[in-house]
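# Examining the three-dimensional arrangement
Listed below are the residues making up each chain.
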Amino acid sequence: MLILGFYGGPSTEFETDSPTQTHDGAAVLLKDGEVIAAIEEERLNRIKHSYAAPLRAARFVMEQAGVGLADIDRIAVPFQAGSADRLLRRLYLADPSATHPLDVADALRAQWRRYLGADVPREKIRFVPHHIAHATATFEMSGFDQALVMTIDGQGDSESGLTLKGSAAGLELLQQVPIPESLGHFYMQAIGFLGYRLFDEYKVMGLAPYGDPERFRAPFEAMCELLPQGRWRLHMDLLDGMYAQLMPRRKGDPIEQIHKDFAAALQQTLERAVFHALTHFRETTGLSKLCLGGGVAHNCTMNGNILRSGLFEQVFVHPAAHDGGNALGAALSVHRDEARHQPRRLRNVYWGSPIGEPASVESRLRAWSDFVDIAHSAEVEETAAELIAAGKVIGWVQGRSEFGPRALGNRSILADPRPAEYKGLINRMVKTRESFRPFAPAVLEEQAAEYFELPAGTAQFPFMTFVLNVQPDKRELLGAVTHVDGTARVQTVSRSESPRFWRVIDAFRRRTGVPVLLNTSFNNNVEPIVDSVEDALACFLTTGLQALVVGDFVLTKKDDAPRAALVPQLPNHVRLHERRQREADGEVRDLFELRRAVWNGEARKPLPGPIFGLLKRAGEAPIAELARQAGLPLEEVMPAMEELWAERCLVMRPQAAQR
């Protein structure tokens with residue numbers, strides 16, 4: 001049985017002005033319960049946390065199996081039809097020109113017919129409640145015969161979380177968490193006091209260990225009232241009282257100790273509520289194993305504290321616990337209902353785009369030979385380890401991309417985990433992010449216990465879902481990956497599941513005696529993790545990375561490469577906009593903007609008129625020729641074009657790579 005999991009929309013990437021309440025769209029293809037392919041839409045359309053219906057993703061996963069939409073037996077959609085119908089009707093009311101269907105099944109069928117070229121019978125569509133999809137994704141792939149299952153996020157359908165008993169018979173509901181008690185919403189609203197917003201929650205998690213929760217303990221305890229039977233009641237209106245102690249930080253303002261203390265108290269409050277519920281259900285059900293799902297389950301500090309508490313013998317957190325993983329959860333739910341077969345324990349998530357055969361990779365790289373030196377290596381892991389041991393920070397692209405928000409050794413930036421100064425170095429070179437945020441260690445599975453405190457009975461942590469304590473005698477040694485509180489978000493690397501990544505770490509071990517690498521996602525701060533060879537080249541050439549390894553090829557940058565020979569193009573999700581505006585002095589001025597789609601609308605960037613005019617001809621000729629025709633000095637044009645490329649507002653390609 002072929003089941004397509006489909007989560008996202010209702011907008012497409014070409015409807016940037018259409019309101020949406022979704023993010024992290026994704027598609028997954030199951031064949032007889034096994035994942036054939038899975039990818040988030042953002043990796044393909046390059047819109048971070050993409051709002052769009054996962055049409056590219058659906059096309060990709062079907063191509064990996066050599067099938068079309070007509071061959072699919074079931075399409076699993078992870079929300080209740082009634083909830084989706086209500087959303088469609090709200091959108092219809094908000095847009096007087098709207099003509100789309102008000103029935104979600106008909107709306108999806110029309111979308112698939114237009115973009116995927118097939119008319120799907122209604123009887124093939126299955127709707128799975130949002131939190132059941134979260135719960136199914138984590139339980140079905142845990143390998144546990146039975147377990148307590150808890151989902152926690154902002155909201156999905158009519159609740160913000162569920163607690164269930166998972167067993168061979170399926171999922172049995174124990175408790176619902178209504179939307180007013182949403183820990184996800186609470187966390188998101190509170191981080192506004194720190195100058196952050198949706199998708200910045202992980203930054204606050206990294207900031208919390210620098211603070212003392214005692215400063216804000218009393219007001220946060222008042223905001224989260226613990227109730228019998230593992231419940232809690234949130235008093236979010238009390239957040240307004242925080243103004244008396246802390247004026248909200250504005251983006252770009254310094255982070256002071258009071259902000260760190262606030263973050264610590266917020267993190268403690270989240271964990272206090274979750275532990276309250278878990279303790280109750282551990283005692284009342286007797287279940288000794290736990291599965292976590294939903295976006296809040298990406299709080300790996302919380303996960304690590306649960307694991308170390310000893311409350312449960314084993315804990316499993318799905319590596320795609322967020323909404324993108326619901327495409328998988330919905331497909332697994334339908335598979336269980338209709339095929340009644342339980343999948344095996346999850347071993348890896350290398351389900352995305354392959355880089356291609358060596359000949360294809362080399363051909364695509366050679367198109368950039370004016371800009372990079374390209375060397376084939378018969379022992380590429382040894383070459384990469386030599387570069388890292390020599391102090392280089394490299395991009396590492398192999399095999400199929402990972403499904404979920406973590407780079408797990410196939411689309412990674414790798415560096416020496418020892419020098420503490422590498423935290424700042426990599427932030428300056430690539431990430432352009434807050435200095436307090438930690439980097440993660442990837443360690444050979446066989447030697448993990450020498451470097452990290454592994455709870456009894458658990459030796460494998462392949463998905464970066466838990467924060468563990470670094471062994472006290474290794475904290476100074478692993479200065480680049482040890483957080484201020486002596487912890488690290490650990491990935492253990494298996495020789496059987498990730499052989500090439502294992503070999504590069506082992507090669508580093510033989511040179512340095514340390515079986516650990518610093519591993520962070522291969523992207524800058526404005527883009528999703530790189531997916532294709534071309535994505536990797538763009539990130540390499542617009543950051544301070546010192547080498548790039550793709551397959552068996554090692555790339556270094558050419559000094560004084562003729563970047564003015566690159567041909568600029570506007571991506572699909574970027575458009576130029578010109579308007580007139582009357583200023584305060586009464587003058588009417590022409591304003592020029594570049595508008596880039598983001599998950600919930602558009603980001604705007606003002607442009608000088610001459611650069612705007614030049615970009616109207618993007619795609620026609622190299623930068624040097626466009627500047628010459630416009631009569632603009634190249635030394636003025638190039639900095640602007642480089643900046644737009646680094647911000648992913650432009651795609652740059654050599655003439656040899658034009659398609």
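On a predicted model such as this, the values are computed, not experimentally measured, just so you know.

Here is what the cut-offs are and how they apply
Residues numbered from 1 in each chain as written. Predicted model: local features only at pLDDT ≥ 70, side-chain atom pairs only at ≥ 80, totals over all residues. Heavy atoms only, no water. Pairing = 2+ DSSP bridges. Helix = DSSP H or I, 4+ residues; strand = E, 2+ residues; numbered from the N terminus. Axes fitted to C-alpha atoms, helices over the stretch in contact; angles between N-to-C directions. Contact = heavy atoms within 4.5 Å. UniProt positions renumbered as here; feature names shortened; annotations may be inferred. Salt bridge = Lys/Arg side-chain N within 4 Å of Asp/Glu carboxyl O. Buried < 20%, exposed > 50% of the residue type's maximum accessible area, 1.4 Å probe, protein only. Right-handed = clockwise from strand over helix to strand, strands pointing away. Polar contact = N/O pair within 3.5 Å; in protein donor to acceptor, adjacent residues only side chain to side chain. 1 Å grid on protein atoms, 1.4 Å probe; cavity = no way out; pocket = protein on both sides within 12 Å on 5 of 7 lines; lining within 4 Å. Points joined across faces, edges and corners; volume = space filled by probe spheres on them. Arc of directions from axis to C-beta.

On to the sheet that holds strand E2 (residues 26-31). The strand order E3-E2-E1-E4-E5 describes an open sheet built from five strands, whose pairing is mixed. Of all the strands in the sheet, the pair left with one neighbour each is strand E3 (34-40) and strand E5 (125-127). The mean angle between the axes of side-by-side strands here comes to 20 degrees, regardless of whether they run parallel or antiparallel. Pairing of strand E4 (residues 74-77) with E5 involves three bridges; the strand directions are parallel. Within E5, the residue paired with Ile75 across the bridge is Ile125. The sheet contacts of helix H4 (residues 104-116) involve strand E1 (2-7), E4 and E5, and relative to E5 the element is tilted by about 130 degrees. In the packing of helix H11 (residues 326-339) onto the sheet, contacts are made with E1, E2, E3, E4 and E5, and the angle to E2 comes to roughly 30 degrees.

To continue, consider the UniProt feature "domain: Carbamoyltransferase C-terminal" (unreviewed entry) in the protein. UniProt feature "domain: Carbamoyltransferase C-terminal" (unreviewed entry): in the numbering of this structure it lies at residues 385-557. Between the C-alpha atoms that bound residues 385-557 there is a distance of 18 Å. The span itself is 24% helix and 22% strand.

Applying the stated criterion across every chain yields a total of 42 salt bridges. Arg509 serves as the salt-bridge partner of Asp506, at 2.7 Å between the closest nitrogen and oxygen. With Asp506 and Arg509 both in helix H16 (residues 499-512) and three residues apart, this pair spans about one turn of that helix. Glu602 is the salt-bridge partner of Arg575, the closest N and O atoms lying 2.7 Å from each other. Of the two residues, Arg575 is situated in strand E24 (residues 574-582) and Glu602 in strand E26 (residues 601-606); the sequence distance between them amounts to 27 residues. Taking relative accessible area as the criterion, Arg575 reaches 35% and is therefore assigned partly exposed.

Right, let's talk about the pairing of strand E12 (residues 314-317) for a bit. Bridging between strand E11 (residues 289-293) and E12 involves four bridges; their strand directions are parallel. Looking across to E12, one finds that Cys291 is bridged to Phe316. Assessed by its sense of winding, the connection that carries the chain from E11 through helix H10 (residues 300-309) to E12 is right-handed.

The topology assignment puts Lys605 in strand E26. Side-chain polar atoms of Lys605 contact the side chain of Glu647, separated by 3.2 Å. Not counting the four nearest positions on each side in its chain, Lys605 is found in contact with Phe592, Glu593, Leu594, Glu643, Leu644 and Glu647.

Attention now goes to the layout of surface pockets. A volume near 880 Å³ is recorded for the second largest pocket. Considering each element in turn, the lining of the second largest pocket owes the most residues, four residues, to helix H2 (residues 55-65).

Attention now moves to the sheet that holds strand E6 (residues 147-156). Taken together, five strands build an open sheet; the order of strands is E8-E7-E6-E11-E12 and the sheet is mixed. Edge strands, defined here as strands with exactly one partner in the open sheet, are strand E8 (170-178) and E12. This sheet shows a mean twist of 20 degrees between the axes of neighbouring strands, independent of strand direction. Packed on one face of the sheet, helix H9 (residues 257-285) meets E6, strand E7 (159-167), E8 and E11 and runs near 150 degrees to E6.

Mapping Ala26 onto the fold places it in strand E2. In this view, Ala26 contacts Gly5, Phe6, Tyr7, Ile39, Glu40, Glu41, Pro54, Ala57, Gly324, Ala327 and Phe403; residues no more than four positions away in its chain are not counted.

The next subject is helix H13 (residues 380-389). Within H13, burial applies to Val380, Glu381, Ala384, Ala385, Leu387 and Ile388. Along the axis of H13, the buried residues cluster in a sector spanning 160 degrees; they form a single face. Contacts from the buried residues of H13 go to strand E14 (394-397), strand E15 (411-415), H16, strand E20 (516-521), strand E21 (547-550) and strand E22 (553-557). Positive backbone phi, at 95 degrees, marks Gly391, one or two positions downstream of H13.

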